Amino acid sequence: MPTDPSPAAIQVQGLAKRFDRVQAVSAVDFEVRPGELFGFLGPNGAGKTTTINMLTGLARPDVGTIHISGIDCTKSPRAAQHLIGVVPDESNLYPELTGFGNLCFCAALYGINKAERKSRARELLDTFDLAGAADRKFGGYSKGMKRKLAIAAGIIHRPDILFLDEPTTGIDVASARQLRQLVQVLNKNGTTIFLTTHYIEEAERLCNRIAFIVSGRTIRTDTVDNLIQPVRDTHVLQVTCIGRTGDLAGDLGRTFPDLAFSFPEQGMIRVTSGSPVRVGPLVRFLEDRAVEVTEARKIRPSLEEVFIDITGVKAEIMGREKEKTGGGSR
Amino acid sequence: MNQWIAFWNIFVKDLKTYYLKPPNISWGLIFPLAWTGMFFVKTGSGLSSIPEVLPGVMAVSILFGTTSMLAVTITFEKKNRSFERLLLAPLSFEILMLAKTSGAILFGILNALVPLFLAVWLTDLSQVAWGVLVPAVFLISVASTFMGLFIAVAVSEVFEAQTFSNFFRFPMIFLCGLFFPVSALPFFLEPVSYLLPLTYGADLLHGALRGEHTLPYLVDLAVLAVFCTGLFAVSLYNIRRRWIA
């Protein structure tokens, strides 16, 4: 019988973790294949960081098993640390060291000799466009620069698997875009990437497969294509208007029986249909009822719809998190 | 992988980043001088009393230098999460923590050398038993450092580290026989003094510098070594239990 020679990069079964009275993770299961860019998507507090901590040996699971490249890390959480690189959600580099010094120090932690760690540090500073700031102290770096150096430090020893925890949170749009490109390049070069994020578009754009985690449970794991499939042929029109729209639900439903209407907020109507929505009759209907239409926009069905549908997490919650954390995913 | 590359680089980084900074060097110089001056003022004695004062000043310099620095640096690194970076490295815990503590051990030894070098200029130290003094200074420094590690693991804030350190340090100074003999303590405190590592260190220093000691040197050295091993093992256990929970 043929057997798969390469084990899963990460295999997690029935993972659970409790901190005092808080059940941080209660049922997490997934498998990441070698070379995959795997997204772990969920709102803040869903258990993403706790899961990463368990996978990287910074926390011990109460229940469940973890295998990294076939190595059982359940009982020995640090057994696979030579294979992994970790970029945490907050910087853990040394503010008093320079960028170059930080990279050389991180390389030394993996037993890399002096000449090699210097050349590797220079190579990564060039790659991440930080060569000009190599001799500046890390404490004086901007958020985007800090994040880039943290990623460089995470891959200094050329790990097989890279854990990226919220890599674009709190940084400006240009830096976020540059980071996403770097992540894609790393993945193309063969690094398996485990990415946690609460930016749905980011996960959709970058990842091969995604696991949704809500309240410490993985709800669904699949490819982006498979996840989006149910809404792929759906047509969504978002109408922005001035005037009372909520009262029109009944009338709209009777007049346009083929369309589904929702009212996400005051002055906004969301129209969903299996076929293209004709804008003219809808606008005329609204204006006849003293509702002034200011914008009608076709929305591309996205993973956000799927996420909301599967997890039950309200769109506004994810929206609020974008605002709280700076909205790096654009 | 070569774990000693990591060990050496952690050690050197800590020396450069924490221990060999000008404020710490001046601490290492001023602290023993201040204690020496205090004793002279208190006793009104002259240079002839240096051998009596020296064991106390050396021990206190080591104790305060190591516990203060280590408890603060580890707590600081834990707080700003850079300690996490070390925990993520494929290093054995033992090597990692030895690397983190080696800088403080060296700092403690250097602190002890400051009053010793001053004493060399001011008095005759020809009677000093160097074969006892050197291992004594080393073991006191190791035991104090590991006590600092034990404290660092027990607290989560930098200010707590200082407060908690004093909880151990001040009673120890007065109970360990540095400034008056253990036999002069009230009967109920005497057994307590033998539970303190510094009691054995003080006995060694008194013996090495003045030829007066209560216990055999080998017993003192052995008990200090047991304290070092015990404190290190308990600290590692606590790190695993509390920081990789």
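Thresholds applied
- Every chain is numbered independently, its residues counted from 1 as its sequence is written.
- Ligands are numbered from 1 and chains lettered from A, in the order in which they are written.
- At least 70 in pLDDT is required for a residue's local features to be given in this predicted model, at least 80 for side-chain atom pairs to be given and counted, and no such filter applies to totals for whole chains, interfaces and linings, which use all residues.
- Just so you know, side-chain values use all the structure's heavy atoms and leave hydrogens and water out.
- A contact between two residues is defined here by any heavy atoms of the two lying within 4.5 Å.
- A quick way to say it: buried area is the sum, across both parts, of accessible area lost when two parts are put together, with a 1.4 Å probe.
- Any Lys or Arg side-chain nitrogen found within 4 Å of a carboxyl oxygen on Asp or Glu counts as a salt bridge.
- In protein, a polar contact means a hydrogen-donor-capable atom and an acceptor-capable atom, both N or O and within 3.5 Å, with residues adjacent in sequence counting only if both atoms are side-chain atoms; elsewhere, any N or O pair within 3.5 Å suffices.
- Runs of H or I in DSSP of at least four residues are treated as helices and runs of E of at least two as strands, each being numbered from the N terminus.
- Here the term charged refers only to Asp, Glu, Lys and Arg, the term nonpolar to Ala, Val, Leu, Ile, Met, Phe, Trp, Tyr, Cys and Pro, and the term polar to all other amino acids, Gly among them.
- Each domain's extent is set by a domain assignment, obtained either automatically or from a database.
- Each residue is placed in one exposure class: buried if its accessible area under a 1.4 Å probe, protein chains only, is under 20% of its type's maximum, exposed if it is over 50%, and partly exposed if it falls in between.
- Here Asp and Glu are counted as negative and Lys and Arg as positive; His is not counted, and neither are the chain ends.
- By arc we mean the arc of the directions from the helix axis to the C-beta atoms, nothing more.

Colleague: Describe in detail the interface of chain B and chain A, supporting the description with residues and values.
Modeller: Contacts between the two partners involve 27 residues from chain B and, on the opposite side, 32 residues from chain A. Around 2,600 Å² of area is buried between chain B and chain A when both sides are counted, 56% of it from carbon and sulfur atoms. Where chain B touches chain A, the interface holds two salt bridges. Taken together, the links from chain B to chain A amount to five residue pairs in polar contact (both at pLDDT 80 or more). Looking at the side of chain B that touches chain A, the elements with two or more residues in it are α1 (3-19), α4 (82-87) and α10 (217-243) of chain B. Per-element tally for the side of chain B that touches chain A: the top contributor is α1(B), with seven residues. Grouping the constituent residues of the side of chain B that touches chain A by class yields 15 nonpolar, six polar and six charged.

Colleague: Please set out the domain arrangement of chain A residue by residue, giving values where relevant.
Modeller: Domain boundaries assigned for chain A yield domain 1 (10-83 + 159-229) and domain 2 (235-300). Centre-to-centre, using C-alpha coordinates, domain 1 of chain A lies 39 Å away from domain 2 of chain A.

Colleague: For the side chain of B:R169, give the residues involved together with the corresponding values.
Modeller: All names here are of chain B. Its place among the elements puts R169 in helix α7 (residues 158-175). Buried within the structure, R169 lacks any salt-bridge partner; E160 is the closest side chain of opposite charge, at an N-O distance of 14 Å. Among the polar contacts listed, one links the side chain of R169 to the side chain of Q162, at a separation of 3.5 Å. In contact with R169, not counting residues within four places along its chain, are L63, F64, T67, S68 and Q162.

Colleague: Tell me about helix α9 (residues 279-288) of chain A, and name the residues and values.
Modeller: All names here are of chain A. Listed in full, the buried residues belonging to α9 are L282, F285 and L286. Seen along its axis, α9 keeps its buried residues to an arc of 95 degrees; they face one direction. Residues of α9 that are exposed and angled more than 90 degrees away from the buried face: R284 and D288. Looking at the buried side of α9, the elements it contacts are β11 (235-242), α8 (249-255), β12 (260-262), β13 (268-273) and β14 (292-299).

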